[in-house]
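# What the coordinates show
One-letter residues, chain by chain:
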Amino acid sequence: MVPSEAAADLAGNFSYGARGAGNGSLSGPWYGRNQIHLFGVLLAVAGNLVISISLSIQKCSHLRLLNQENRRPHYQSVMWWCGSLLMVVGELGNFIAYGFAPVTLIAPLGSVAVMGSAVISVLFLKENLRSSDFLGVTLTIAGLYLLVTFAPTITQDITARKIQTSFVSWQFLVYVILEIIAFCVLLYFYKRKGLKHIVILLMLVALLGSMTVISVKAVSGMIAFSVIKQIQLTYPIFYVMLIIMVASCVFQVKFLHHAMQVYSATTVVPLNLVFFTTSAIIAGIVFYGEFRGAAVLNVFVFLFGCFLSFLGVFFITRDRKKEQLKDSYIDFGHNPGKQMLDKIQLDSNGLSYGTLPSEGDSVVHSHRPETKEDVEQEHPL
């Protein structure tokens, strides 16, 4: 193929709005040209929907365990294990999707899991449908449509040779150096200075996430290429990427788990989605060159679609209240040698579980353990 023909083919991949056969974003030739990407999109959407179902099942399991008199650990619940199994299936779908579609297309689809969880909570967990939920779902769907339609459509064969070339390219080396410096600075404030601000925690997660998506697409793409065309699993770069993928995932989960312990999920989920998606898009551009040759209008509409999906997730997660236990009293039971009432009532406004008036003037207090709300007050945004 001569350079002029290659340039024309490249321009055709991004000219959704131009006139001519196959250039319309909803035309039949567009679907024919992007079937491999659409397959990855469908896998990612299905995987995120399965993840939302798994989260709802685990949530239902925790609520049931909390309302039992003889509470068991969550890992002894069959329902909790079913939710965990579905979580693995959903993440496997996302993993495979990276092998068939660009990182910049798959990463923003994480908002599907948040949207699906909101819909399932209303339909099956009998939570109230709020106007912000409806607005959030609408914005998320509109954003997903725009980013899927205007995402980069250049099909790449992920081979070991291509990964090796990108791995030692000057763009990626500069990117890795800057990322290591930023990570070390954030880690210094996190470890040495004891700063547990949510931005520091989620930026650590996002920096690790950028390496995760690069390695996940490399491993998934080489496996897919091995199945379809030629074996790539004999090259050392495959195992290098596999090690990077596992290590980055482990530390990413560690920092994200800490963020969930310190801050509420309604704060962590939307911010993590924004940080992670942004880092994934930058990583896809730097390592895989996914927006190379893209029209400015297409890039703008794609970013606008990402913004709409972020905004939708914000509306879905805002002002969500935690589920409370149905029991409003704590039973002390029989305590030999002491005279007290059988139960005390919870005091939601004070610093203790409640008060128990005695026959005299004294008041017995039962202090409650530290909760997530207490930690949030100690670490304000």
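Under an unreviewed UniProt entry, the name given to the chain is NIPA like domain containing 2, and the source organism is Ornithorhynchus anatinus. UniProt annotates the chain under Sequence similarities (unreviewed entry) with the comment "Belongs to the NIPA family." Per UniProt, the chain has the following entry under Subcellular location (unreviewed entry): "Membrane".

In terms of regular secondary structure, the chain is built from 14 helices and four strands. In the chain, which comprises 381 residues, the proportion classed as buried is 41%. Here the analysis covers contacts within the chain between residues at least 6 apart in sequence; of these, 73% occur between residues at least 24 apart. Within the structure as shown, the chain displays about 21400 Å² of accessible surface, and the carbon and sulfur contribution to it stands at 67%.

A word on the environment of Ile163. By the secondary structure assignment, Ile163 is in helix 8 (residues 160–167). Overall, the relative accessible area of 0% leaves Ile163 in the buried class. Distance from Ile163 to Val219, taken between C-alpha atoms, is 9.7 Å for residues 56 residues apart in sequence. The residues touching Ile163, leaving out its near neighbours within four places in the chain, are Ile158, Ala218, Met222, Ile237, Met241, Phe287 and Tyr288.

Scanning all chains against the criterion turns up two salt bridges. Residue Asp133 pairs with Arg130 through a salt bridge whose shortest N-O separation is 2.7 Å. Under the relative-accessibility criterion, Arg130 is labelled partly exposed at 21%. Residue Asp157 pairs with Lys229 through a salt bridge whose shortest N-O separation is 3.3 Å. Of this pair, Asp157 sits in the loop between helix 7 (131–149) and helix 8 while Lys229 is found in the loop between helix 10 (198–228) and helix 11 (236–262), placing the two residues 72 residues apart along the sequence. Of the residues examined, Asp157 reaches a relative accessible area of 41% and is grouped as partly exposed. What makes Lys229 exposed here is its relative accessible area of 55%.

One finds Tyr98, Leu109, Leu147, Ile163, Met222, Tyr288 and Phe302 to be the most contacted residues of the largest nonpolar core, which totals 54 residues. Two domains share this core, each providing at least three of its residues, namely domain 1 (34–66 + 74–156) and domain 2 (158–288). Those residues in contact with Phe302, other than ones at most four positions away along the chain, are Thr104, Pro108, Leu147, Phe150, Ala151, Ile281 and Phe291. Core analysis: the next-biggest nonpolar cluster, separate from the first, contains 16 residues, Leu186, Tyr190, Ala259 and Tyr263 among them.

The geometry of an aromatic ring pair is captured by the separation of the ring centres together with the interplanar angle, meaning the angle of the planes. Tallied over the entire structure, the rule returns twelve aromatic pairs. With a centroid separation of 5.0 Å and 90° between ring planes, the pair formed by Phe238 and Tyr239 is classed as edge-to-face. A relative accessible area of 42% places Tyr239 in the partly exposed class. Among the aromatic residues, those joined into a cluster by ring pairs are Phe167, Phe172, Tyr175, Phe287 and Tyr288. Across from the ring centre of Tyr288, 5.7 Å away, lies the NZ or CZ of Lys217, which sits over that ring. Residue placement shows Lys254 over the ring face of Phe255; its charged tip is 6.0 Å from the ring centre.

Quick look at the side chain of Ser226 now. By secondary structure assignment, the location of Ser226 is in helix 10. Ser226 sits in the buried class, given a relative accessible area of 10%. A distance of 2.8 Å separates a polar side-chain atom of Ser226 from the backbone nitrogen of Gln232. Not counting the four nearest positions on each side in its chain, Ser226 is found in contact with Ile231, Gln232 and Leu233.

Conventions and cut-offs
- Residues numbered from 1 in each chain as written.
- Predicted model: local features only at pLDDT ≥ 70, side-chain atom pairs only at ≥ 80, totals over all residues.
- Heavy atoms only, no water.
- UniProt positions renumbered as here; feature names shortened; annotations may be inferred.
- Helix = DSSP H or I, 4+ residues; strand = E, 2+ residues; numbered from the N terminus.
- Buried < 20%, exposed > 50% of the residue type's maximum accessible area, 1.4 Å probe, protein only.
- Contact = heavy atoms within 4.5 Å.
- Areas by Shrake-Rupley, 256 points an atom, 1.4 Å probe, with all protein chains shown as cover.
- Salt bridge = Lys/Arg side-chain N within 4 Å of Asp/Glu carboxyl O.
- Core = buried A, V, L, I, M, F, W, Y, C linked by side-chain atoms within 4.5 Å.
- Domains from an automatic or database assignment.
- Phe/Tyr/Trp six-rings, centres within 6.5 Å; stacked < 30°, edge-to-face > 60°.
- Lys NZ or Arg CZ within 6 Å of the ring centre and 35° of its normal.
- Polar contact = N/O pair within 3.5 Å; in protein donor to acceptor, adjacent residues only side chain to side chain.

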